[in-house]
Amino acid sequence: MPHKRHTQFRKPDGSLYAEQLFSTEGFSSDYSLLYHCHPPTRIIRTEAPYDVMPNIAEEKMLKHRSFEGFKIQPHADFLKSRVPVLVNNDCHIVLAAPSHSLKDYFYKNADADEMLFVHEGSGKLLTQYGELSFAYGDYLVIPRGCIYQLHFDGDINRLFIVESFSPIRYPKRYVSKWGQLLEHSPYCERDIRTPQQLNTVDEKGDFLIKTKKKGRMYHIHYGHHPFDVIGWDGCCYPFAFSIHDFEPITGRVHQPPPVHQTFEGNNFVVCSFVPRLFDYHPLSIPAPYNHSNIDSDELLYYVDGDFMSRKNVTRGMITLHPGGIPHGPHPGSVEKSIGAKETKELAVMVDTFHPLQLTIEALAIENEGYTMSWAE
């Protein structure tokens, strides 16, 4: 990179590299500077866009719901494998089971930051910033506008995806006013994996970038490979964080869900439930207490392990407890939990502060009768 930003940076043949500012909130927040072999603006043709808005089945509801996430069928195409199941104006909850790598085109979400939780599978996330290896339990956080491909090692892959229409960030209470993760945070900078092995691809041709914007998919063809970046620096880039590196916060009595918080966006939070020791007060009750969601919908995605507060839990199951009615452990779970020393559960929770809507695809994988499961 050149010594100063926005100055001449020449190739060995004397021509200029093309500088690109990748910025958030206009010019008022995080950004990165990327240096391309060719201007990233050379569109050679476009195709007519098509609609990809979620198909809403229920806009309003007030009952507990449960869905079998692994009933989402695998699909060879990465974008076609993505199935939105619960949505609002702040975020979309998406399940995906891509069986093939994304190699025939590139993808860019121009609307939303993406958080991809890897439930099954491994591989590499390829971007203009370099490569990020991923495996079971990894969160991949991809800023909106970032062009990427996913190369999988095999054909069995399961992803839990949050599309956020605001930046996905570290929780404010974990970060100093200068940006460092604080000592009480359940993870630190050492746990954050950044892109490695920048591979500059200087190729001319026809490169398709499928770009989602305002619920429509645009096919935009560029004359040069989008990964023609020779160098970059800055603070806006994709990164990986493993749920297995989340350090649980425990106490003498049951701790509230905010101790599990991992990321936040506008009007929602993401939490990680990981193996941990239970409470150590002599009269403690490890099972969570009954809770009234006054102002939030609580979504829990079950990954692995035993869940002492729920019966008949399966891998990939989603439970939705909407704001307005209380929820709590299933009958018998409270007494059963007393004396337990630890839990091996692994789950991802998304709490939204505006109600979620169900899609048609969600109804197709719903567990009927979940609302009455407390009456057993």
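Owing to the predicted nature of the structure, the values given are computational and were not obtained by experimental measurement. (Residues numbered from 1 in each chain as written. Predicted model: local features only at pLDDT ≥ 70, side-chain atom pairs only at ≥ 80, totals over all residues. Heavy atoms only, no water.)

Colleague: Would you mind showing me how to read the overall build of the chain here?
Modeller: Helix and strand content of the chain: three helices and 28 strands. The C-alpha atoms of the chain give a radius of gyration of 22 Å, which matches the 21 Å a tight globule of 376 residues would have. Taking the principal axes of the C-alpha coordinates as reference, the chain spans close to 75 × 45 × 35 Å. A burial count over the chain gives 52% of its 376 residues as buried. For the chain, long-range pairs separated by at least 24 residues make up 75% of all intrachain contacts whose partners lie at least 6 apart in sequence. (Helix = DSSP H or I, 4+ residues; strand = E, 2+ residues; numbered from the N terminus. Rg over C-alpha atoms; globule rule 2.2 N^0.38 Å. Buried < 20%, exposed > 50% of the residue type's maximum accessible area, 1.4 Å probe, protein only. Contact = heavy atoms within 4.5 Å.)

Colleague: Would you explain the sheet that holds strand β18 (residues 239-242) in this entry?
Modeller: Adjacent strands of a sheet form backbone hydrogen bonds with each other and so pair up, either parallel or antiparallel. Taken together, eight strands build an open sheet; the order of strands is β4-β28-β6-β7-β14-β9-β12-β18 and the sheet is antiparallel. Each edge of the open sheet is held by one strand with a lone partner, namely β4 (56-58) and β18. Ignoring strand direction, the axes of neighbouring strands in this sheet form an average angle of 30 degrees. (Pairing = 2+ DSSP bridges. Axes fitted to C-alpha atoms, helices over the stretch in contact; angles between N-to-C directions.)

Colleague: I'm lost on the layout of surface pockets in this one. Help?
Modeller: With a probe scaled to a water molecule rolled over the atoms, the places where space remains empty come into view. Considering only enclosed or pocket space, the largest pocket measures out at about 920 Å³ in volume. Mapped onto the lining of the largest pocket, the elements with two or more residues apiece are β1 (18-23) and β19 (261-265). (1 Å grid on protein atoms, 1.4 Å probe; cavity = no way out; pocket = protein on both sides within 12 Å on 5 of 7 lines; lining within 4 Å. Points joined across faces, edges and corners; volume = space filled by probe spheres on them.)

Colleague: What am I meant to see in empty space enclosed by the protein here?
Modeller: Throughout the structure, instances matching the rule amount to one cavity of 30 Å³ or more. Its volume calculated, the largest cavity comes out at about 30 Å³. Surrounding the largest cavity, G69, F70, L95, A96, R158, L159 and Y301 form its lining. Looking at the lining of the largest cavity, the elements that each hand over two or more residues are β7 (91-96) and β14 (158-164). Of the residues that constitute the lining of the largest cavity, the class distribution is five nonpolar, one polar and one charged. (Nonpolar A, V, L, I, M, F, W, Y, C, P; charged D, E, K, R; others polar.)

Colleague: I would appreciate a short explanation of a nonpolar patch on the surface in the present structure.
Modeller: A contiguous nonpolar surface patch, about 330 Å² in accessible area, is contributed by L21, F27 and Y31. Secondary-structure assignment places L21 in strand β1. (Patch = residues over 30% accessible without salt bridge, like charges linked within 9 Å, V, L, I, M, F, W, Y side chains within 5 Å. Areas by Shrake-Rupley, 256 points an atom, 1.4 Å probe, with all protein chains shown as cover. Salt bridge = Lys/Arg side-chain N within 4 Å of Asp/Glu carboxyl O.)

Colleague: Sorry, what's going on with the packing of aromatic side chains here?
Modeller: All chains considered together, the criterion is met by 22 aromatic pairs. With centroids separated by 5.8 Å and ring planes inclined at 50 degrees, the aromatic side chains of Y170 and F239 adopt a geometry described as tilted. Placement of the pair is Y170 in the loop between β14 and β15 (204-213) and F239 in strand β18, with a sequence separation of 69 residues. The exposure class assigned to Y170 is partly exposed, which follows from its relative accessible area of 25%. (Phe/Tyr/Trp six-rings, centres within 6.5 Å; stacked < 30°, edge-to-face > 60°.)

Colleague: Help me understand the sheet that holds strand β2 (residues 31-36) in this model?
Modeller: Within the open sheet, the three strands sit side by side as β1-β2-β17. Their pairing is antiparallel. Strands at the two margins of the open sheet, each flanked by one partner only, are β1 and β17 (229-234). Strand-to-strand twist of the sheet, defined as the mean angle between neighbouring strand axes without regard to direction, takes the value 20 degrees. Note that β1 and β2 share six bridges and pair antiparallel. Opposite A18, over in β2, you have H36 as the bridge partner.

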